[in-house]
Amino acid sequence: MHNRLALSTLSLSLASLLALAACGGTVSAGGGDDGDGGTGAAPDPDTSSSSSGTPGTGGSGATGGTGDTGGTGGTGGTGETGGSGPGTGGSGGVPVDDFGPPKCDDNLTLDDADPYNAAKAIEICKTADGPNSWGLIEAKWTLPDGSAIPAGYEANYALGHGIYDSFGPNVPPRKGDRILGLSNGAARRPNDPGYTGPSGGFAKGYTHAAPDGFPKPSPACPGVISGQPYDGVALEVTLRAPNSALGFAFDINYYTAEFPTWTCTTFNDAFVALLSPTPVGQSDGNISFDSLGNIISVNNVFLDVCNQPTCALGAAQLAGTGYENNGATGWLTTTAPINGGDVFTLRFTTYDNGDAILDSATLVDHFRWTTQPNSVVGTFRPME
């Protein structure tokens, strides 16, 4: 009787073993602990908001351990096979705009003087919170050459930057709720406090050096060198790029009262965006220029917004800006390559040359990281 019971028990144990083997399980003798499922590949922390990652495969579960030997004549129980872990998808290419909060500028006011809020107005939302964290490291107001605001001119300088909910009725933000304005005159719209028309000009009362590498002639105006810089204003930001970034981009729209009369003169105002370290192959850090190498000024090929038949984009973007009888480029996009993890400085600046009259203004908006390979330095008109 005891032998028959033992044989029956042995037969059931063999049947169980065969069934487990048929299911592809790993079987161990002894009453081991349950195996834990493995963990799939973790996402890149810089791009955890990406919706385009490729799912990782869960790891194999651990095999059950060996149980203690049972009493005399007894066989240890069968350990369970560990299951497969769920695995989280790894990061694929990250779409433009998929880094950090979607916007952070909804409550900013026109005369906000905080440079960190000026950075928010152009969608630089995430602040680096450690030596390995990407985002904004520092923001500050400077002169075009990077030097400090001259003492005693702080109030006049502050009128040279503003944060708009729109620039006239026809120029809304490119992203978020606000646009940053930089002007060598008053960065104010006709109905704003502190407005001075650009054709008369607002002289801030100070001079300064030109940015490194300037002045230099525009290809459109051979031999013409700009005069002494006046009244400049600049937002300088220092950033650490996300590990997955391959470049960055931002949008600009340049308005000038020098159009249509004052082209190719020593008085021409300028907007430059200065990247440091200087891009490979360039003699200076400016990354905003047209296809001919002209800086953003009255002399560049993008000046297509005006009330003359030669302007392909018409005059609608001039309405309500103070530049109704002048010209603008319309929105342009500047791009530049960068390596993930790089720390770099970007200085956006507008300044007068030769004198302090006939002002210009530049709108800056929609800074974003990009993951497109083979990004190049340059400025183009977006297709939209």
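Residues numbered from 1 in each chain as written. Predicted model: local features only at pLDDT ≥ 70, side-chain atom pairs only at ≥ 80, totals over all residues. Heavy atoms only, no water.

The name given to the chain in an unreviewed UniProt entry is Choice-of-anchor L domain-containing protein, with the source organism recorded as Polyangium jinanense.

This paragraph deals with the nonpolar core. Residues Val-237, Phe-248, Phe-348 and Trp-369 are the most contacted members of the largest nonpolar core, which totals 42 residues. In contact with Val-237, other than residues within four places in its own chain, are Ala-119, Ile-124, Leu-136, Glu-138, Ala-139, Phe-344, Thr-345, Leu-346 and Phe-348. With 16 residues, the next largest nonpolar core counts Tyr-164, Tyr-255, Leu-318 and Leu-363 among its residues. (Core = buried A, V, L, I, M, F, W, Y, C linked by side-chain atoms within 4.5 Å. Buried < 20%, exposed > 50% of the residue type's maximum accessible area, 1.4 Å probe, protein only. Contact = heavy atoms within 4.5 Å.)

Inspection of every chain in the model, using the stated rule, returns three disulfides. A sulfur-sulfur distance of 2.1 Å marks the disulfide that ties Cys-104 to Cys-125. In this structure the cystine formed by Cys-104 and Cys-125 twists about its S-S bond by roughly -85 degrees; its chirality is therefore left-handed. Here Cys-104, found in the loop between α1 (2-22) and α2 (115-121), pairs with Cys-125, found in the loop between α2 and β1 (135-142); they are 21 residues apart in sequence, far enough to count as distant. One disulfide bridge connects Cys-306 with Cys-311, the sulfur atoms lying 1.8 Å from each other. Measuring the twist about the S-S bond at about 100 degrees, one finds the Cys-306-Cys-311 disulfide to be right-handed. Of the two residues, Cys-306 and Cys-311, neither departs from the other in class, the shared state being buried. (Disulfide = S-S within 2.5 Å. Helix = DSSP H or I, 4+ residues; strand = E, 2+ residues; numbered from the N terminus.)

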